[in-house]
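Remarks on the overall topology
Listed below are the residues making up each chain.
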Amino acid sequence: PTDARIMLVGEQPGDQEDRTGIPFVGAAGRMLDRALDEAGIERASVYVTNAVKHFKWEPRGKRRLHKTPAQREVAACHLWLEEELKRVQPQVVVALGSTALKSLLQDGSATMTSMMNDGHPAPVQHDGRWVVTVYHPSYVLRAPDEAARRQAYGVIVEGLRQALQLVGR
């Protein structure tokens, strides 16, 4: 919705997202849906987009495997993200991962660690809105062990709850 008070910004479309034109419809999308539900947020009430608008991939047999976008690709797509921010005017933007964070802050050296307090999301003001940084849902899927997956998922839910509190719902 273009009147959403919360905007979620991911990295780039994945294979399924590229094919459907809808963000977060694959496995990471299902993980995000679960976290939104646990945080008490209806997905239909938030604006969901990506910092990079194209799917960067490399062929692996018949599969198209994700490649992290280069900083120049993030910069090239920033204009579209800025237009979305102007149109929607969210009160809170949740950066799902470091690529989204770097694009939102327009700072290639920004890190998730610098945006967290002891491993917990630490909201900051930027350009008149709150920015909450959490792990990208795909990180939960590929984390090295169950403890790391639980911790990363918990950070996502905590950050979404903080976003909800910041908009005063």
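You'll find the structure just up there.
Structural notes, computed from the coordinates.

**Things to note about the layout of surface pockets**
Of the volumes computed, that of the second largest pocket is approximately 160 Å³. If you trace the second largest pocket, you find it lined by Pro13, Glu17, Asp18, Gly21, Ile22, Pro23, Thr49, Asn50, Val52 and Lys53. Secondary-structure elements contributing two or more residues to the lining of the second largest pocket are helix H1 (15-20) and strand E2 (47-50). Residue composition of the lining of the second largest pocket, grouped by class: 4 nonpolar, 3 polar and 3 charged.

**Thoughts on the sheet that holds strand E5 (residues 92-96)**
Spatial strand order, E2-E1-E5-E9-E8: 5 strands in an open sheet with mixed pairing. Of all the strands in the sheet, the pair left with one neighbour each is E2 and strand E8 (124-126). Going from strand to strand, the sheet's axes swing by 30° on average, the running direction of each strand aside. Sheet topology places E5 next to strand E9 (residues 129-134); 5 bridges connect them, and they run parallel.

**Section: the side chain of Glu17**
As for its position among the elements, Glu17 is in helix H1. In this structure the side chain of Glu17 is engaged in a polar contact, spanning 3.1 Å, whose partner is the backbone nitrogen of Gly26. Not counting the four nearest positions on each side in its chain, Glu17 is found in contact with Ile22, Pro23, Phe24, Val25 and Gly26.

Criteria and thresholds
Residues numbered from 1 in each chain as written. Predicted model: local features only at pLDDT ≥ 70, side-chain atom pairs only at ≥ 80, totals over all residues. Heavy atoms only, no water. 1 Å grid on protein atoms, 1.4 Å probe; cavity = no way out; pocket = protein on both sides within 12 Å on 5 of 7 lines; lining within 4 Å. Points joined across faces, edges and corners; volume = space filled by probe spheres on them. Helix = DSSP H or I, 4+ residues; strand = E, 2+ residues; numbered from the N terminus. Nonpolar A, V, L, I, M, F, W, Y, C, P; charged D, E, K, R; others polar. Pairing = 2+ DSSP bridges. Axes fitted to C-alpha atoms, helices over the stretch in contact; angles between N-to-C directions. Polar contact = N/O pair within 3.5 Å; in protein donor to acceptor, adjacent residues only side chain to side chain. Contact = heavy atoms within 4.5 Å.

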